[in-house]
Amino acid sequence: TLAPGMSAGTLTVSGGPVNFAADSIFTVEINGTAVGQYDRLVVTPTGSVTAADGALLALDFDPLFTAAVGDIVYILDNQTASPILDLFQYGEGDLVGVHGGLKWILTYAANTGVGFTGGNDLALMAIPEPATGVLVLLAGVLALRRRKA
């Protein structure tokens, strides 16, 4: 099990590869969306990152943490030129959890500190649950109808 920090923290690996074996677990605590409020693994440019079939990603959301739609946490800052080889139990764009009324999806193509695309980092993004999106859309349509009436 790899769990960066005692509480939310950052673990930096330099000069060597990070290989998550088939029976390993990468545990990430998420208490907020600012650096220092969630666990991060930073792999410097001289390393590489591999996650074998069976390697697990375990997320631990703080019950008091409240996120907004579009919030991103960059949990694996892969500073190497190579993408993460193989994947944890999740594929690109998979739903990895629900917390605070929001769904969290995963990408292996984030660019730490820049966005959810354009890089080779592992990140999570908060998105609305479909039911919430439908209710917001319905409320907007009803508001427009009332204005016209």
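Quick look at the structure, then. Residue positions within a chain follow its written sequence, with the count starting from 1. For this predicted model, a pLDDT threshold of at least 70 governs which residues receive local features, and a threshold of 80 or more governs which side-chain atom pairs are given and counted, while totals over whole chains, interfaces and linings are taken from all residues. Note: side-chain values were computed over all heavy atoms of the structure, leaving out hydrogens and water.

## Considerations on the environment of Thr112
Then comes step 1: The helix and strand labels rest on DSSP assignments: H or I over at least four residues marks a helix, E over at least two residues marks a strand, and numbering proceeds from the N terminus. The residue Thr112 is located in the loop between β9 (102-110) and β10 (121-128) in this model.
Then comes step 2: Sequence separation between Thr112 and Asp77 is 35 residues; the distance between their C-alpha atoms is 6.2 Å.
Then comes step 3: Between two residues, a contact is recorded if the distance between any of their heavy atoms is within 4.5 Å. Residues within four places of Thr112 in sequence aside, it is in contact with Arg40, Tyr74, Asp77 and Asp121.
Then comes step 4: A distance of 2.7 Å separates the side chain of Thr112 from the side chain of Asp121, its partner in a polar contact. Under this definition, polar contacts are N or O atom pairs within 3.5 Å; protein pairs additionally need one hydrogen-donor-capable and one acceptor-capable atom, and for neighbouring residues in sequence, both atoms have to be side-chain atoms.

## Some points on the pattern of salt bridges
Then comes step 1: By convention in these notes, a salt bridge is any Lys or Arg side-chain nitrogen within 4 Å of a carboxyl oxygen on Asp or Glu. Within this structure, the stated rule accounts for 1 salt bridge.
Then comes step 2: For Arg40, the salt bridge goes to Asp77, with nearest N and O atoms at 3.9 Å. On the criterion of sequence distance, the pair formed by Arg40 in strand β4 (residues 40-43) and Asp77 in strand β7 (residues 72-78) is long-range, its members being 37 residues apart.
Then comes step 3: Relative accessible area decides the class of each residue, using a 1.4 Å probe on protein chains only: under 20% of the type maximum gives buried, over 50% gives exposed, and in between gives partly exposed. Overall, Arg40 belongs to the buried group, its relative accessible area being 12%.

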